[in-house]
Amino acid sequence: MATPTEHVVVGIDIGETYTGVAIFPTDLDKPLSGKIEPRVIQIWPRIEGKPGQTIVNKVPTRITYMASSLRPHFWGFECPKREDLEWGMKEQSLFKFLLDKENLDTLNRAKIEQGAPATQQQKMEDVHMWYTHFLSNLYGHIVQHLTHPPTLNPPPWNVVLGTTTIEYIFSLPTSWENKTDLIADFEAIIKNAGFGDTLNSSAKVGLTEGIASAVYTVRNVNHEFKTGEIFLLCDAGGRTSDICSLRVSEIDRTTVGLETVLESISIFGGSVEIDEGFELLFQKGLEDLQKEKPELFENYIVSEYVAHDVAQGDFQNLKTTWEDTETNVLRFVALTIPGRFKNLVGDGRRRYVRIPRSDINELFDRQVKKITSELDERLSCLYNIYPSLKISGLILTGGLGSSKYLQSRIATHFKPHEIKILIDARKDEPPVSVCKGLVYDRVQRILHGTSVLRLCQARASYGLLYNGVYNKTIHKERKPITDQADGRKYMPNQIDWFLKKGQKIEEDSLITRDRSRRSIIENPDPTWTDQIVTSNYASNCLPTYLGQGDCRVVGTVVSNANPNTLLTRRTRPLGRKFLQGDYKIKIYFEDHALRVETEGADGIAGRLQVPDVRWEFKKETLAPVE
């Protein structure tokens, strides 16, 4: 039996329409040979009763339920087309952004305005259920792929659950970046779905989608970046398009370092709106044809969902290859109308809907206009800061970003600015750049000791509890405690905030705090504790003591030291004797964690790892660009 793989990193990008999963094994006993090139899962289960499997880079973010069932019947590619849904079946899709209550409320208000009954209102518990069920099925498939990989073109890993260290890293929608409660909900759903449940496995939320896409793509576009260059990136996906402004802080044969220049933004605009617009075009064309040539449908049955199914079927192939060809002599596109004959005997006539090419161009142009307007605004901000700045290029990624039409239109728009459009020439790569970027960043950290983005900000504040000397003026409404060692009054559970929300932190930086502990002479205690707390409040209105606001304990350091290191002290000349020992608290900022150590006169006394510490990769203060 082959030796189990030591460590595997799995990057997961939950998309509005499709979800991608990338994997890379890291054998730390061997030097890295070649560049980091994660593999994506390409084999997915198909609908029951049909042979074979579906081989594509992503799986539909979709689940199907049976009537009165709270468990999904199908997921991903298993989900039937709407015309094939059996009685009582219901499909759920396009639910990614409904986890944000603002979006859910907007959807429900729109339904009310359209006259929909109250029973059609979506509830947040339903969204949580859809997410959990989809992710549970996804988790099972990933585990199957890890432990029993396909025999055709087998991957370079041998994962054994409980033995192999498995890290599951999820991308974060850019629009959620500052929504702490929403991120916490997302993390809870991930864990409820099973991710991180097995021994030696963990699950966490990592980079935002736009940044993750940049991390992977910067090495794979048609441009050789150099340190100091600034570029834009647009990750145009299903429902949203993310725009990032980045600077190359370091790049060599093995590592990449990036810094954000302006805060990343996310706009609602993407391929879903193109699909929805096409569905309306097809439906109108079908209705017009049924009126003009009713004889075509006397013996031909068409599903009420035919426009939707064509939009999700044949149009997807057309959309990915659609180009800006103004000289094309074909002014119309003809798409076959799926259906069946009543008497099961065909009549040899073809039934299709003709849609003007200009109408399809307009669907794309609406999204192009949204994207270029935001890009223009980003450029204006950059030029205001750096008047002589030369942008190295604009990277286009994502499913819509891989569209030839979009690339051509954006290239034309930015030609006067002399901004080059940069793409990964491998046509299958832009849609999976996010999940690969998550893996790339983590693997670079493991193999080379440095992340791609090295300057970050905390999404929450962290502090240390301490007992402060009692002051009856300041603490008049609170009850002090009397220290048994020195007999003085102290106010317990005061907070020293060593890291405030929004504070910039460099990777692997260190913060120290000097502390002292007291003990009675008669029976000196070798152990003591220090507690770490957190708060999501703004940095200018943080709680001052435990029990105030949203402050909560996230970890306790238990320390132990030789009592002989304690020194005799007095409260005052000829006053009570007691023992006191000085020590340091060291806080290290690591990837998604705080590592806390206490150090006394005889060395390390205690250690603690505070997990699930969330960072933002934010704007760096850059020197003026010449």
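Read on for an overview of the structure. Think of each chain on its own: its residues are numbered from 1, step by step along the sequence as written. This being a predicted model, a pLDDT of at least 70 is required before a residue's local features are given, and a value of 80 or more before pairs of side-chain atoms are given or counted; all residues contribute to the totals for chains, interfaces and linings. Water and hydrogen atoms were dropped before computing side-chain values, which therefore reflect all heavy atoms in the structure.

### Concerning the overall build of the chain
Point 1. Every helix listed is a DSSP run of H or I at least four residues long, and every strand listed is a run of E at least two residues long, numbered separately from the N terminus. On a plain count of helices and strands, the chain comes out with ten helices and 33 strands.
Point 2. With the principal axes as the frame, the chain shows a C-alpha extent of 110 × 65 × 60 Å.
Point 3. Each residue's exposure class comes from its accessible area (1.4 Å probe, protein chains only) as a fraction of the maximum for that residue type: buried when under 20%, exposed when over 50%, partly exposed otherwise. Scored against the burial criterion, the 626 residues of the chain give a buried share of 50%.
Point 4. All accessible areas in this document rest on Shrake-Rupley with a 1.4 Å probe, and a residue is counted as covered only by the protein chains that are shown. For the chain, the exposed surface amounts to about 30,200 Å²; the carbon and sulfur share of it is 49%.
Point 5. Positive charges come from Lys and Arg alone, negative charges from Asp and Glu alone, with His and the N- and C-terminal ends not counted. Where a charge lies is defined by one atom per residue type: Lys uses NZ, Arg uses CZ, Asp uses CG and Glu uses CD. Of the charged side chains in the chain, 78 are positive and 82 negative; the average position of the first set lies 3 Å away from that of the second.

### Details of helix H5 (residues 271-292)
Point 1. Given the number of residues in a helix, its expected span is that number minus one, multiplied by 1.5 Å. In this model H5 runs 31 Å from its N-terminal to its C-terminal C-alpha over 22 residues, within 8% of the 32 Å that 1.5 Å per residue would give.
Point 2. Burial in H5 covers these residues: Ser271, Val272, Ile274, Asp275, Gly277, Phe278, Phe282, Gly285, Leu286 and Leu289.
Point 3. Residue contacts are counted whenever heavy atoms from the two residues lie within 4.5 Å of one another. The inward-facing, buried residues of H5 abut helix H6 (306-312), helix H7 (314-321), strand S16 (332-336), strand S18 (352-356) and helix H8 (357-385).

### Topic: the environment of Lys58
Point 1. Structurally, Lys58 is set in strand S6 (residues 58-60).
Point 2. C-alpha separation for the pair Lys58 and Gly20, spaced 38 residues apart in sequence, amounts to 4.7 Å.
Point 3. Look past the residues within four positions of Lys58 in its chain and what remains in contact with it is Asp13, Tyr18, Thr19, Gly20, Trp44, Phe77, Pro431 and Val432.
Point 4. For Lys58, the side chain forms a polar contact with the main-chain oxygen of Pro431, separated by 2.9 Å. As used in this structure description, the phrase polar contact means that two N or O atoms lie within 3.5 Å; if the pair is within protein, one of them must be able to donate a hydrogen and the other to accept it, and residues adjacent in sequence are counted only when both atoms belong to side chains.

### So, the packing of aromatic side chains
Point 1. For Phe, Tyr and Trp, where Trp contributes only its six-membered ring, two rings pair if their centres lie within 6.5 Å, and the inter-plane angle classes them as stacked under 30 degrees, edge-to-face over 60, or tilted in between. Inspection of the entire model under this criterion finds 19 aromatic pairs.
Point 2. With a centroid separation of 5.9 Å and an interplanar angle of 70°, the aromatic rings of Tyr139 and Tyr168 are classed as edge-to-face. Of this pair, Tyr139 sits in helix H2 (residues 124-147) while Tyr168 sits in strand S10 (residues 165-172), and the two are 29 residues apart along the sequence. Pair check on accessibility: Tyr139 and Tyr168 agree, each one buried.

### Some words on the environment of Val368
Point 1. Assignment of secondary structure puts Val368 in helix H8.
Point 2. Residue Val368 is classed as buried on the basis of its relative accessible area of 8%.
Point 3. Expressed as a C-alpha distance, the spacing of Val368 and Ile183, which sit 185 residues apart in the sequence, is 30 Å.
Point 4. Look past the residues within four positions of Val368 in its chain and what remains in contact with it is Leu406, Arg409 and Ile410.

### A closer look at the state of the cysteines
Point 1. Disulfides are defined as pairs of cysteine sulfur atoms found within 2.5 Å of each other. Per the stated rule, a full pass over the model turns up zero disulfides.
Point 2. In this model Cys381 remains outside any disulfide bridge; the closest cysteine sulfur is found in Cys244, 14 Å from its own.

### Looking at the packing of H5 against H7
When two helices pack together, their arrangement is given by the angle between the helix axes and the distance between those axes.
Point 1. Fitted lines through C-alpha atoms give the axes, limited to the stretch in contact for helices. The angle between two N-to-C directions lies from 0 to 180 degrees. For the pair H5 and H7, the least separation of the axes is 11 Å and the interaxial angle reads 125°. Judged on the interaxial angle alone, H7 and H5 are oblique. The crossing of H5 and H7 is right-handed. Residues Ser271, Ile274, Asp275 and Phe278 of H5 form the contact with H7, whose own contacting residues are Phe315, Gln316 and Lys319.
Point 2. Asp, Glu, Lys and Arg are counted as charged, while Ala, Val, Leu, Ile, Met, Phe, Trp, Tyr, Cys and Pro are counted as nonpolar; the rest, among them Gly, fall into the polar class. Of the residues contributing to the contact of H5 with H7, the split by class is three nonpolar, two polar and two charged. An angle below 35 degrees is read as roughly parallel, one above 145 as roughly antiparallel, one from 65 to 115 as roughly perpendicular, and any other as oblique. The sense of a crossing depends on the near helix, which, turned anticlockwise from the far helix by less than a right angle, makes the crossing left-handed and, turned clockwise, makes it right-handed.

Structural measurements only, silent on function.
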